[in-house]
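Structural overview for review
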Amino acid sequence: MTRVWDEFAASVFDVISPSLLLFLLLVAAGITGALWYWYPAWVPRRMPRWRLRRPNWRLPRWRRRKKAPKPARPAKVAADPEFRPSVVLADGTLLADRLAAEGRYAEAIRQRLRDVVGDLTAAGVVSPLPGTTAAEVAATAAVQRPSVAAPLGGATELFSDIWYGDRPAHRALDDHMRALTGEVRARMRSGTP
């Protein structure tokens, strides 16, 4: 086997010099690596179909482009300490309390944070857009009203630990979230910046 390999290598090196062969191998490896890295971009999604297009004998129409309307900014709502955007069920109980009574503590904690974010939005402290995270809402609220920074930060951290950190939720954590959101509401009512 060694003799066959030696004869093969000698016949290759008779045609191509070793340095040129090494260079060609490096170029081939670079091209293969680049194709592997950008694989989805150069592979067609489906095979192209070749169709003959019918000639279009119509003259192009010139149309005026309509100006796109400017996106409306969310209006700030005057602070009303009695306003409760919390989800209230038909029997007068809060959705978060109903979820906690059913033993669905993680969902109750999420709903309590949603309710307090709704209160902050109604007070004009924050205006969350779709896709805004709880941490971003807390940071914005802390800039607008520094007094709510600590309890809202704690509520956000508790929510993140449960929903993203896979921490099991139980009644004590729900009670802690209720206390934190109550403190945020109390500080909002006091009106201190």
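In this report, we go over the structure that sits alongside the text.

Cut-offs and rules
Residues numbered from 1 in each chain as written. Predicted model: local features only at pLDDT ≥ 70, side-chain atom pairs only at ≥ 80, totals over all residues. Heavy atoms only, no water. Helix = DSSP H or I, 4+ residues; strand = E, 2+ residues; numbered from the N terminus. Buried < 20%, exposed > 50% of the residue type's maximum accessible area, 1.4 Å probe, protein only. Contact = heavy atoms within 4.5 Å. Areas by Shrake-Rupley, 256 points an atom, 1.4 Å probe, with all protein chains shown as cover. Patch = residues over 30% accessible without salt bridge, like charges linked within 9 Å, V, L, I, M, F, W, Y side chains within 5 Å. Salt bridge = Lys/Arg side-chain N within 4 Å of Asp/Glu carboxyl O. Core = buried A, V, L, I, M, F, W, Y, C linked by side-chain atoms within 4.5 Å. Axes fitted to C-alpha atoms, helices over the stretch in contact; angles between N-to-C directions. Parallel < 35°, antiparallel > 145°, perpendicular 65-115°, else oblique. Nonpolar A, V, L, I, M, F, W, Y, C, P; charged D, E, K, R; others polar.

What the chain contains, in helices and strands, is 8 helices and 0 strands. Ordered by position from N to C terminus, the α and β elements of the chain give α-α-α-α-α-α-α-α. For the chain, buried positions account for 22% of its 193 residues. Put simply, of all contacts in the chain between residues at least 6 apart along the chain, 59% involve residues at least 24 apart. For the chain, the computed accessible surface area is about 15,600 Å², with 61% contributed by carbon and sulfur atoms.

This part takes up a nonpolar patch on the surface. A cluster of nonpolar side chains, Leu 20, Phe 23, Leu 24, Val 27, Ile 31 and Leu 35, forms an exposed patch at the surface whose accessible area comes to about 530 Å². Within the secondary structure, Phe 23 is located in helix H2 (residues 18-37).

One finds Leu 120 and Leu 152 to be the most contacted residues of the largest nonpolar core, which totals 22 residues. Among the secondary structure elements, those contributing two or more residues to this core are helix H5 (105-122), helix H6 (134-144), helix H7 (149-163) and helix H8 (171-190). Beyond its immediate sequence surroundings of up to four residues, Leu 120 is in contact with Val 125, Val 126, Ala 141, Leu 152, Val 184 and Met 188.

With that settled, consider the packing of H6 against H7. Relative to each other, H6 and H7 sit at 175°, their axes nearing to 9 Å. With respect to each other, H6 and H7 are oriented roughly antiparallel. Contacts from Ala 134, Ala 135, Ala 138, Ala 141 and Ala 142 in H6 reach Ala 149, Leu 152, Thr 156 and Phe 159 in H7. When its residues are assigned to classes, the contact of H6 with H7 shows 8 nonpolar, 1 polar and no charged.

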